[in-house]
Amino acid sequence: MRSAYQYRLRLTKKQVVELDRWLDMLRHQYNYLLADRFNWYEQNRCSVNSCPLVCHLPELRENPDYFSQKRTLPGLKKDRPWYADLHAHVLQDCVKRVDLAFKRWLKGDSKGERSGRPRFKGKGRYRSLTFPSLGKDPIKGNQLKLPKFGWVKIIYHRPIPEGFKIKTATVTKKADGIYITLSVQDDTVPNIIPVDQVSSPIGIDMGLKSFLIKSDGSEIEIPQYYRKAQKRLKKIQKAVSRSRKGSNNRKKAVTKLGVAHKKVADTRKDFHFKTVKGLLDNHVRVASPSANLVAHEKLNIKGLAKTRMAKSVLDAGWGQFLTILSIKAVRVAWPTAINAGLITKAVNPRNTSQNCSNCGKKVPKKLKDRIHSCPHCGYTEDRDVNAAKNILNLAVGHPVSSKACRVT
């Protein structure tokens, strides 16, 4: 299983200059390789699907793929000796990025979804580089050794658990500093508990009135970090728009704007982690922490982001929250017991707000109707709590009794 640990770097002035030089060289190479792909694409495509009997077509080039472009790197270092300062694996990762960007544009990803045309990287737009492998025991105290770059100081606020191997390291320049993300791997195979053996399961319903409501009736308020920061962001954005392009004042304003946006994103992410921790801690049995389940909706967040509620949906960050929840809930036999040991299951949200969780009959209601009152069995409950119970019933496969339900 893979996990990511992010730390902040404390580089010297000389190391910052060297990192900027590396990023600039990688940016130029990225643009050169991408231009080579575009040249091949323009020379080998045709707007018609037929040709005359006698054709006078130029000799076609071979498709520049990942391996052919990687073979050009030794020649690059001979023609431009300063590229020899870069680690070979870092330079190869640049070729890999070009290959992925071009393939996603032409062929799409594993689901067939195509991305936009890759863009050339302007100055300051190439912000990260990846070391696909590190040496043995790269961390000593608060120092980390990067191949061919040297020892760098990190804020080692969270130690990596024993038994984990550091696979890759990605150095990223952000608005408020330089960070490194270590991808660690543990080969322990998790023991998956069947759904029919879970105990004390819980269902959650995501919403915009409350961030989530549990099937037991408790709820967590939605913080709306972006909406609360809009006034401050608008003021900083106005300073960016009014400053002259290329001036130092504009650079300072852009940096200030980036720090403000990052603060909103970090605050939201911190809220998600704390909410997940509270959710898992409150529903883990001491005797058997693995026999539990958290059921949630399988949301179409991309579709919801195209509606009038787009700003509120994106501000809530449901996708990030559910990703953190699924990762933290996996049961892995780690000696440090990092994860909680729960099972998460996504269900189809269709009619979860309309059906009665007590009798299963459909009770049509509009969005303004916040109370579920079933005319068939007389069950009355809050609309969102009823939806959370329906989500739990779908995940478990049978109705889950609750003594907290009130019936009229």
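The shown structure was predicted, so the numbers you read here are calculated from the model rather than taken from an experiment.

Glancing now at the sheet that holds strand 10 (residues 219–221). Across the sheet, which stays open at both edges, the 5 strands sit in the order 10-9-8-11-12 with mixed pairing between neighbours. With partners counted over all chains shown, the strands left at the sheet margins are strand 10 and strand 12 (343–347), one partner each. Averaged over neighbouring strand pairs, the angle between their axes works out to 20 degrees when direction is ignored. The strands that helix 10 (residues 383–396) touches are strand 8 (202–206), strand 9 (210–214), strand 11 (293–297) and strand 12; relative to strand 8, the one it contacts most, it runs at about 130 degrees.

Residues Leu 129, Phe 131, Leu 146, Val 171 and Ile 180 are the most contacted members of the largest nonpolar core, which totals 44 residues. Those residues within four positions of Leu 129 in sequence are excluded, and the remaining contacts are Leu 19, Trp 22, Leu 23, Leu 26, Val 90, Arg 97, Ala 169, Thr 170 and Val 171. Core analysis: the second largest hydrophobic core is formed by 19 residues, Ile 204, Met 206, Val 276 and Phe 321 among them.

All right, on to the environment of Ser 357 then. Following the sequence through the fold, Ser 357 ends up in the loop between strand 12 and strand 13 (371–373). When its relative accessible area of 13% is taken as the criterion, Ser 357 is described as buried. The sequence separation of Ser 357 and Asn 390 amounts to 33 residues, and the corresponding C-alpha distance is 5.2 Å. Separated by 2.9 Å, the side chains of Ser 357 and Asn 386 make a polar contact.

Evaluated as defined, the whole model comprises 14 aromatic pairs. Judged by centre distance (6.3 Å) and plane angle (45 degrees), the ring pair of Trp 22 and Phe 131 falls under tilted. With a gap of 109 residues between them, Trp 22 in helix 1 (residues 13–44) and Phe 131 in strand 2 (residues 128–131) connect regions that are remote in the sequence. Comparing Trp 22 with Phe 131, the two get one shared label, buried. Residues Phe 211 and Phe 321 carry aromatic rings whose centres are separated by 5.1 Å and whose planes lie at 85 degrees to one another, so their mutual orientation is edge-to-face. Within this pair, whereas Phe 211 is found in strand 9, its partner Phe 321 is found in helix 9 (residues 318–328), the two being separated by 110 residues in sequence.

The next thing to look at is the pattern of salt bridges. Should the charged atoms of two oppositely charged side chains come close, the side chains can pair. With the rule as written, the count across this model stands at 13 salt bridges. A salt bridge links Arg 97 to Asp 93, with the shortest nitrogen-to-oxygen separation between them at 3.1 Å. A residue pair is termed a helical-turn pair when its members lie 3 or 4 positions apart in one helix, as Arg 97 and Asp 93 do in helix 4 (residues 88–106) at 4 residues. Here Asp 93 falls in the buried class, since its relative accessible area comes to 13%. Notably, a salt bridge pairs Asp 384 with Arg 370, separated by 3.2 Å at the nearest N-O pair. One end of the pair, Asp 384, is in helix 10; the other, Arg 370, is in the loop between strand 12 and strand 13, and 14 residues separate them in sequence.

With that out of the way, let us pick up the packing of helix 1 against helix 4. As a packed pair, helix 1 and helix 4 sit with axes 10 Å apart at the nearest point and diverge in direction by 35 degrees. Note on packing geometry: the crossing formed by helix 1 with helix 4 is right-handed. Contacts between helix 1 and helix 4 involve Leu 26, Gln 29, Tyr 30, Leu 33, Leu 34, Arg 37, Phe 38, Trp 40 and Tyr 41 from the first element and Val 90, Leu 91, Cys 94, Val 95, Arg 97, Val 98, Asp 99, Ala 101, Phe 102, Trp 105 and Leu 106 from the second. For the contact of helix 1 with helix 4, the per-class residue count stands at 16 nonpolar, 1 polar and 3 charged.

Another point: the pairing of strand 11. Summarising burial for strand 11: 5 of the 5 residues are buried, a large majority. Where strand 8 meets strand 11, 2 bridges bridge the pair, whose relative direction is parallel. Bridging across to strand 11, Gly 203 finds its partner in Ala 295. Where strand 11 meets strand 12, 5 bridges bridge the pair, whose relative direction is parallel. Across the sheet, Val 294 pairs through a bridge with Thr 344, a residue of strand 12.

Following the sequence through the fold, Thr 130 ends up in strand 2. You can call Thr 130 buried: its relative accessible area is 13%. Among all residues touching Thr 130, those that are not within four sequence positions of it are His 89, Val 90, Asp 93, Arg 97, Ala 169 and Thr 170.

When pLDDT is averaged across the protein chain, the result is 85; 86% of the residues are at 70 or more. Mean pLDDT across the secondary structure elements of the protein chain bottoms out at strand 12, with 84, and peaks at helix 5 (residues 225–242), with 95. Note that residues 331–339 has pLDDT below 50 and, in this model, 24 contacts with residues that lie over four places away or in other chains. Here residues 403–408 is a poorly scored stretch, pLDDT under 50, and it has 12 contacts once near neighbours within four places are set aside; other chains count.

With antiparallel pairing, 7 strands are arranged side by side in an open sheet as 2-6-7-1-5-4-3. Lying at the two open borders of the sheet, with one neighbouring strand each, are strand 2 and strand 3 (139–140). Bridging between strand 1 (residues 2–10) and strand 5 (residues 150–154) involves 2 bridges; their strand directions are antiparallel. Residue Leu 9 lies in a different strand from strand 5, and its bridge partner there is Ile 154. Where helix 1 meets the sheet, its contacts fall on strand 1, strand 2, strand 5, strand 6 (165–174) and strand 7 (177–185), and the angle it forms with strand 2 comes to roughly 90 degrees.

The rules behind the values
- Residues numbered from 1 in each chain as written.
- Predicted model: local features only at pLDDT ≥ 70, side-chain atom pairs only at ≥ 80, totals over all residues.
- Heavy atoms only, no water.
- Pairing = 2+ DSSP bridges.
- Helix = DSSP H or I, 4+ residues; strand = E, 2+ residues; numbered from the N terminus.
- Axes fitted to C-alpha atoms, helices over the stretch in contact; angles between N-to-C directions.
- Contact = heavy atoms within 4.5 Å.
- Core = buried A, V, L, I, M, F, W, Y, C linked by side-chain atoms within 4.5 Å.
- Buried < 20%, exposed > 50% of the residue type's maximum accessible area, 1.4 Å probe, protein only.
- Polar contact = N/O pair within 3.5 Å; in protein donor to acceptor, adjacent residues only side chain to side chain.
- Phe/Tyr/Trp six-rings, centres within 6.5 Å; stacked < 30°, edge-to-face > 60°.
- Salt bridge = Lys/Arg side-chain N within 4 Å of Asp/Glu carboxyl O.
- Left-handed = near helix turned anticlockwise from the far one by under 90°.
- Nonpolar A, V, L, I, M, F, W, Y, C, P; charged D, E, K, R; others polar.
- pLDDT = per-residue confidence, 0-100.

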